[in-house]
4 protein chains.
Amino acid sequence: MRTYRLLAACPDRVGIVAKVSNFLATYNGWISEASHHSDNQSGWFFMRYEIRADSLPFDLESFRQAFAPIGREFGMQWQIGDSAQKKRVVLMASRESHCLADLLHRWHSDELDCEISCVIANHDVLRSMVEWHGIPFHHVPVDPADKAPAFAEVSRLVAEHQADVIVLARYMQILPPQLCREFAHRVINIHHSFLPSFIGAKPYHQASLRGVKLIGATSHYVTEELDAGPIIEQDVVRVSHRDSIEEMVRLGRDVEKMVLARGLRYHLEDRVLVHDNKTVVFD
Amino acid sequence: MRTYRLLAACPDRVGIVAKVSNFLATYNGWISEASHHSDNQSGWFFMRYEIRADSLPFDLESFRQAFAPIGREFGMQWQIGDSAQKKRVVLMASRESHCLADLLHRWHSDELDCEISCVIANHDVLRSMVEWHGIPFHHVPVDPADKAPAFAEVSRLVAEHQADVIVLARYMQILPPQLCREFAHRVINIHHSFLPSFIGAKPYHQASLRGVKLIGATSHYVTEELDAGPIIEQDVVRVSHRDSIEEMVRLGRDVEKMVLARGLRYHLEDRVLVHDNKTVVFD
Amino acid sequence: MRTYRLLAACPDRVGIVAKVSNFLATYNGWISEASHHSDNQSGWFFMRYEIRADSLPFDLESFRQAFAPIGREFGMQWQIGDSAQKKRVVLMASRESHCLADLLHRWHSDELDCEISCVIANHDVLRSMVEWHGIPFHHVPVDPADKAPAFAEVSRLVAEHQADVIVLARYMQILPPQLCREFAHRVINIHHSFLPSFIGAKPYHQASLRGVKLIGATSHYVTEELDAGPIIEQDVVRVSHRDSIEEMVRLGRDVEKMVLARGLRYHLEDRVLVHDNKTVVFD
Amino acid sequence: MRTYRLLAACPDRVGIVAKVSNFLATYNGWISEASHHSDNQSGWFFMRYEIRADSLPFDLESFRQAFAPIGREFGMQWQIGDSAQKKRVVLMASRESHCLADLLHRWHSDELDCEISCVIANHDVLRSMVEWHGIPFHHVPVDPADKAPAFAEVSRLVAEHQADVIVLARYMQILPPQLCREFAHRVINIHHSFLPSFIGAKPYHQASLRGVKLIGATSHYVTEELDAGPIIEQDVVRVSHRDSIEEMVRLGRDVEKMVLARGLRYHLEDRVLVHDNKTVVFD
């Protein structure tokens, strides 16, 4: 069922739900899903409505025009999306296949509602897997001595493919600040630890050294500060003294896959709002 | 913060949220929490609003009168409650203390927002623990050959204490149908299995015999059919071949405590709606 | 590191560990992993040793001859395996790809230590995915009116490929008793419920109808009685009233994949002993 | 069933299991539980045996004398304990009751196999709860300007009560280095975060600020470096944007209780070995 998805955030006060739902009822809009959150600490209000597209007399542009006065009245940050307009995803990978293969299979079996425009990788090992899915594969090697040309090419490809969202599926390279800013809250990374534990390199080695009893993974929006962006989703798995670092890496892969896939799904379905470097996820 | 809690369920159609939120906005009602659910299978709509009591010009009775026409218009099953009116809870127990002690401690440390009117037990072993909390303890032994007098006494006590809700904290006796009907959706039981597995007696023995790798517990509303009422909450814990039945019983106790406490908490906060023998829990 | 894996089960008594470990020490066997379990209910003892192959002066056949008297002395059921002899796996599938794709990817990325001899499917939709991995795909349609010819062909293929283990990766057909007996404790099935709940068809529909708050999956050895064989592994995922049956199916797929992959891994590494229709899993 | 519990750790080599199990078999020792771990990184071997006391011709002192040569031969760190000698536990608390009440109830219902010698608290609010259990309560206020007298009194009480283990059940004070050293690997603390995340004060506030999706708790042995000692047990619970800091505190309490109780249980049953600031927990 095709829906419009309205996301809005504004300082909390009386009458927001009434105003918005009244607006929708006026046009006979059928709300199929409604979520609200009042954040007591910040005093902000967050909402997400899914409305059956065929119940409204609007296209998106008309909706925007009709809704704009309400947005202004409440000082809202808002957006409206159409479930029929699939987001264009650029996947970035390196050598490790588990996250990439997982996302590709979910897409292939119609579980992820998006287009996968292309895969960009700094190594050429996953080309065959990607191309079997009928998706273009771009090998853009990164020269450690001068990364600028590679990222210029990445930016060019991202622009050429008109990416709506970039997913770092264990890409293992740090994106340049300019790209982070341009795609703010639209680059999703999977970090292989339960952040904020074990920021940076080799988190499983750090975890083994500290002797933790659970290891985890975190999907988050990328910001200029490494591993410090808004967290979308996290999960953990139990480990013990029996698990060597290699076992942790193996167990961790399953958590990474799940956490990245859930994070991406939330993003694709417009379920994530960001405020004060934290997310509201209307799952 | 004192709130009114509005629960409503009705066949789904356009305009319900608008009508209700408009009603609230008309009276300057400040919605602190709003939850909605459209059930596609049944075609029903469920909602729960928490409204700051001090933002409304109403007491409960005036609210009911003002809201009644809306309820009729949409064919709603609805109720309004006041967070300041603590529900009166009667706890029923037998010999085992873990669920009872857990609930008493949560109440004692102000985690459960209710009054505990009394504890009724068919054995006299937990009296001292209960009375330390300043709560009346009634010992009502059940004669297996003739249970009627005991349950007459239970009914009398429940009435005398004006119970809003009865909690079977491992009571181990089956309530008579009459009491189940009178307190429909107001008697909460904890069953020590992951229902519908292992209905009836000795679920840990059944679990051990079947060799399951997880054991669980289920809190549910009691109906006349044994262990078949609407499920409020469930959880599980991992077991292995190393766990004897005694170990399962020990591990299971922690799950039972948690699942019963969460189920009761949802009920006390008016977060549970029942429809078609299933629950909607707005947690 | 190449290891020999010794599995043994016998009635418990004094001196078993001493006798076996002494035997190994006599030949300078380096134990890299040792697991023991005394089952108080049955009075049986279970053990599993991994011994570095290069520390022993034996090949498997010599080991068997040297160990046989000990096995007889204690009335042991025992076996010795060589980690270098990869088990030959026949995967069986139908239309749904998630379990199959998951196992294929784990094998492709060297996570599963086995050979995948072939895939047998009763529909022809997954051929391309399988063949991309370089694995033979056999389409054996099953005529509901006369299943015998199909299962004769399945038996022929299983024999031809010299299968050590058969994995039903959502095969959706019931194997004939003869094949179950021939491959006792060597056919692994994934059932899409938390057994013994929701035996048989459409478990997610049954789960939705009952209103459970967790759904699960179970990997088990196939026996002649449907969904009643020894359970190897189980897991669950939380659901709520928000999850339609379609959502349950989607969430369940991830549990099914994980539970089947873990179950198969345990089997491939000779970590599972079966006794009294229950498993001892030395994970 | 009364058992002797043998714990040993030494550099790994061939023949350890044989030597130890042979020693036991020589004296007709019945092993009821055996656990082994070879740590590939450190090259150390760890073992734990439970032996039925009535199967051995020894008391503990004779066992120690007979086993000593084996310990020397392998350079073992080893200890032997008697399950019948209950460990003496001193609990330390402050104002918050949840961990204390949980441990007291487990002890009261015979779930924790120990003596609770006394409770020491820096506030006087939990006296009645403790004394109801028939356990001495010592109020030792800590003067922030001069903590030395308080800790001198704590040390005196610990000595007087002949404590085997000290449990900081949300004590909220940092023990002096001298006491940490004297009771190395015998002081168990519960930290209300998933260490190493959120070391130090107010971890739930830190967690809320960072927007994590899971919060946790960690039981660990106390060392002189704050929150850096060997981790015994950890667990987590899911949170979301809906959970205020107060809700996190409430949800966290249940994890803290569980994680502390499990950690203490492992310690009481001699299941924990410490090596390189990490634990081997033979659960």
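Residues numbered from 1 in each chain as written. Chains lettered and ligands numbered in written order. Predicted model: local features only at pLDDT ≥ 70, side-chain atom pairs only at ≥ 80, totals over all residues. Heavy atoms only, no water.

A. Region of the structure containing the relation of the copies chain A and chain B. Placing chain A over chain B gives an RMSD of 0.0 Å and needs a rotation angle of 180°, together with 0.0 Å of translation along the axis. Seen this way, the second copy is the image of the first under a two-fold rotation axis. Scanning chain A for the C-alpha nearest the rotation axis identifies A18 of chain A, at a separation of 2.9 Å. Taken together, the interface assignments show that 100% of the residues at the interface of chain A recur at the interface of chain B, consistent with an identical surface on both copies. (Least-squares fit on C-alpha atoms with pLDDT ≥ 70 in both. Contact = heavy atoms within 4.5 Å.)

B. Looking closely at the relation of the copies chain A and chain D. By a simple turn and slide, chain A fits onto chain D: the slide is 0.0 Å along the axis, the RMSD is 0.0 Å, and the turn is 180°. Most of the interface of chain A is mirrored in chain D, where 100% of its interface residues again form contacts.

C. Spatial organisation of helix α1 (residues 16-26) of chain A. When α1 of chain A is considered as a whole, its buried residues turn out to be I16, V17, A18, V20, S21, F23 and L24 of chain A. Just past α1 of chain A, the residue N28 of chain A takes up positive phi, approximately 60°. (Buried < 20%, exposed > 50% of the residue type's maximum accessible area, 1.4 Å probe, protein only. Helix = DSSP H or I, 4+ residues; strand = E, 2+ residues; numbered from the N terminus.)

D. Region of the structure containing the environment of R13 of chain C. With respect to the secondary-structure elements, R13 of chain C resides in the loop between β1 (3-11) and α1 (16-26). There is a polar contact of 3.4 Å between the side chain of R13 of chain C and the backbone oxygen of E73 of chain C. (Polar contact = N/O pair within 3.5 Å; in protein donor to acceptor, adjacent residues only side chain to side chain.)

E. Highlighting the domain arrangement of chain A. All names here are of chain A. Annotation of chain A at the domain level lists domain 1 (3-82) and domain 2 (87-281). A separation of 31 Å is found between the C-alpha centroids of domain 1 and domain 2. Counting residues at the interface gives 13 residues for domain 1 and 10 residues for domain 2. When the buried area of domain 1 at its contact with domain 2 is split by residue, R5, L7 and F46 rank highest and sum to 47% of it. (Domains from an automatic or database assignment. Buried area = accessible area lost by both parts, 1.4 Å probe.)

F. Highlighting the interface of chain A and chain D. Counting from both sides, the interface comprises 34 residues of chain A and, opposite them, 34 residues of chain D. Where chain A abuts chain D, roughly 2,800 Å² becomes buried across the two surfaces, and 51% of that area is made up of carbon and sulfur atoms. Sorting the residues of chain A by area buried against chain D places R210, K213 and H241 of chain A first, and these three jointly supply 26% of that buried surface. In this structure, the connection of chain A to chain D is made through 4 salt bridges. Put simply, chain A and chain D have 23 residue pairs in polar contact (both at pLDDT 80 or more) between them. A total of 7 residues in the side of chain A that touches chain D trace back to one element, the largest contributor, which is strand β11 (residues 231-238) of chain A. A breakdown of the residues in the side of chain A that touches chain D according to their chemical character gives 15 nonpolar, 10 polar and 9 charged. (Salt bridge = Lys/Arg side-chain N within 4 Å of Asp/Glu carboxyl O. Nonpolar A, V, L, I, M, F, W, Y, C, P; charged D, E, K, R; others polar.)

G. Just the packing of α1 of chain C against helix α2 (residues 60-74) of chain C, in detail. Residues and elements named next belong to chain C. Interaxial distance between α1 and α2 falls to 11 Å at its minimum, and their mutual angle equals 165°. On the basis of the axis angle, α1 is roughly antiparallel to α2. Seen along the crossing, α1 lies across α2 with a hand that is right-handed. Every residue of α2 that contacts α1 at I16, K19, V20, F23 and L24 is listed here: F63, A66, F67, I70, E73 and F74. The class makeup of the residues in the contact of α1 with α2 is 9 nonpolar, no polar and 2 charged. (Axes fitted to C-alpha atoms, helices over the stretch in contact; angles between N-to-C directions. Parallel < 35°, antiparallel > 145°, perpendicular 65-115°, else oblique. Left-handed = near helix turned anticlockwise from the far one by under 90°.)

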